[in-house]
Amino acid sequence: MRGPEVTDTARRALVTGVTGQDGGHLAELLHSKGYEVFGLIRGQRNARREALEREFPFVRLIEADLTDQTSLIHAVATSQPHEIYNLGAISHVGYSFRNPQLTADITAKGVLNLLEAVRVSGLSDSTRFYQASTSEMFGGLDYNRPGAGYNENSLFHPRSPYGVAKLYAHWIARNYRESYGMFVSTGILFNHEGERRGLEFVTRKITNAVAAIHLGLQDHLALGDLWPKRDWGYAGDYVRGMWQMLQHHEPDDFVLATGETHSIEEFLTLAFAAIGETDWKPYVRQDPQFRRPAEVDILLGDPSKAERVLGWERTVDFPGLVSLMVQHDIQVLSRHA
Ligand code: NAP
Ligand code: G4F
């Protein structure tokens, strides 16, 4: 299991989940800052490997899996990272209901495996660790929602196997900070989207379908419940926040959010308006297969701590986000139409 050799000249970062949405944005950001970027890639023939190598040729790939402790020890030993960003997870809430044990193994226990890999490698004093926590841990229940939005001190009440697994991950990360003095920061991130978002998530599913309808490639779109509300931001802004957390002088927990919440219906209105359609209803069918056994009704975050302490700010608002995603998908689908 030989991996790439490290050099001594640059800061080194190891990114798990580098093939995902945030992994792509983060790899780009770290590279622009002069980091040597190592990325974890799993599977014997990962379908995303080729695209990753084409788009981010500077990422040095290491084969490993969050469920395989030996491979993680190898990844840490090979990259000798100053910073680890643990983004790898089963991240789709609906999928986690259908695969709860796999979700626990990867999204929950995978974090423990990685923290232990750092500890047994003797790097716990020198490596800074970012854990990708989530607003799904709050659960969106009314009694648990302060008017100004969830912050770092709000109560947790996860509503899915994914949310429960992430809560374990969040607490084990904090526990390693408290028990071993490791520099472990958690980012409690609200939904963030963009042109790299997976097609299985509602925003990209909508913008991709809207682009296809605009180009005459598709005539309708099937969705689950349309009333849930989310605090949707742009992924590029959020990975900058992750990096800022690891540059801070001490480890801590930070919410990243926009402080606004919008329903899926509002997202549909803006997405269809971007192609000149004033009414989305004729194009949307509701399909119970996309409903979840328990729903998170509304998420609204309060990012004031990150803004005050880290100087974090967002650059893309809700209409700007919808517009950039629709325009991107029209461009991509036009090439193949
Ligand atoms: P994503 O696009 O779904 O990417 C998930 C990544 O995890 C993929 O690269 C995937 O690799 C990797 N992965 C899955 N199973 C793995 C395993 N067994 N070992 C190693 N890697 C594995 O997710 P994202 O939107 O970029 O989110 C990044 C992280 O932030 C996730 O932990 C997510 O739960 C969390 N988060 C996301 C949001 C959001 O709104 N995007 C909000 C809060 C928190 P493969 O390509 O091999 O499948
Ligand atoms: O886009 P979603 O699948 O995102 P969800 O469940 O909010 O989770 C995302 O954000 C979390 C942060 O809060 C992350 F931790 C997590 O990893 C992920 O990135 O669904 C958004 C809403 C839900 O209420 C869902 O029930 O859209 C609703 N929805 C309605 N129809 C649908 C669909 N969701 C999906 N994926 N597909 C549908 O057809």
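Refer to the structure above for everything that follows.
Residues numbered from 1 in each chain as written. Chains lettered and ligands numbered in written order. Predicted model: local features only at pLDDT ≥ 70, side-chain atom pairs only at ≥ 80, totals over all residues. Heavy atoms only, no water.

## Quick look at unusual backbone geometry
This is how it is decided: Secondary structure elements follow DSSP: runs of H or I no shorter than four residues count as helices, runs of E no shorter than two count as strands, and numbering proceeds from the N terminus. When accessible area is computed with a 1.4 Å probe and restricted to protein chains, residues below 20% of their type maximum are described as buried, those above 50% as exposed, and intermediate ones as partly exposed.
The phi angle at Gln-80 is positive, at roughly 40 degrees, despite the residue not being glycine. For Gln-80, the location among the structural elements is in the loop between α3 (69-79) and β4 (83-86). Under the relative-accessibility criterion, Gln-80 is labelled partly exposed at 32%.

## What about the nonpolar core?
This is how it is decided: Residues grouped as a nonpolar core are buried Ala, Val, Leu, Ile, Met, Phe, Trp, Tyr and Cys residues, joined through side-chain atoms within 4.5 Å. Contacts are assigned to residue pairs that have any heavy atoms within 4.5 Å of one another.
Formed by 31 residues in total, the largest nonpolar core has its most connected members in Val-15, Leu-26, Leu-30, Tyr-85, Leu-87 and Tyr-130. Counting residues per element, the ones that place at least two in this core are β1 (12-16), α1 (21-32), β2 (36-41), β5 (128-134), β6 (183-189), α8 (235-247), β11 (253-256) and α10 (304-310). No other element matches the six residues that α8 contributes to this core. Other than its neighbours up to four places away in sequence, Tyr-130 contacts Ile-84, Tyr-85, Asn-86, Leu-87, Ser-185, Thr-186, Gly-187, Leu-189, Met-242, Met-245 and Leu-246. Formed by 28 residues, the second largest nonpolar core is a distinct cluster that contains Ile-213, Leu-223, Phe-267 and Phe-272.

## Notes on the site of ligand 2
Test applied: The nearness test applies per residue and asks whether one of its heavy atoms lies within 4 Å of the molecule or strand. N or O atoms within 3.5 Å of each other form a polar contact, as long as, within protein, one can give a hydrogen and the other can take it, and as long as residues adjacent in sequence are counted only when both atoms are side-chain atoms. Each accessible area is a Shrake-Rupley estimate made with a 1.4 Å probe; only the visible protein chains count as cover when residues are assessed. Following the grouping adopted for this structure description, the nonpolar residues are Ala, Val, Leu, Ile, Met, Phe, Trp, Tyr, Cys and Pro, the charged ones are Asp, Glu, Lys and Arg, and the polar ones are all others, Gly among them. In this document the domain limits rely on a domain assignment from an automatic tool or a database.
Inspection of the region around ligand 2 gives 23 residues, with Thr-134, Ser-135, Tyr-162, Arg-292 and Glu-295 positioned closest. One of the backbone N or O atoms of Val-202 is found 2.9 Å from an oxygen atom in ligand 2. Within the backbone of Gly-224, an N or O atom sits 2.8 Å from a nitrogen atom of ligand 2. When ligand 2 is considered free in solution it has 710 Å² of accessible area, and contact with the protein chains removes 95% of it. In terms of residue class, the shell around ligand 2 is built from nine nonpolar, six polar and eight charged. Both of domain 1 (12-192 + 233-256) and domain 2 (199-230 + 261-301 + 308-336) provide at least three residues apiece to the shell around ligand 2.

## Observations regarding the sheet that holds β5
Put simply, the rule is: Between any two strands, pairing holds if DSSP finds at least two bridges. Axes here mean lines fitted to C-alpha atoms, for a helix over just the part in contact, with angles spanning 0 to 180 degrees between N-to-C directions.
The sheet built from seven strands is open, its strands ordered β3-β2-β1-β4-β5-β6-β11 with parallel pairing. Strands with a single pairing partner mark the edges of an open sheet, and in this sheet they are β3 (60-63) and β11. With strand direction ignored, the average angle separating the axes of adjacent strands in the sheet is 20 degrees. Pairing of β2 with β3 involves four bridges; the strand directions are parallel. Opposite Gly-39, over in β3, you have Leu-61 as the bridge partner. Seen against the sheet, α1 touches β1, β2 and β4 and runs at an angle of roughly 175 degrees to β1.

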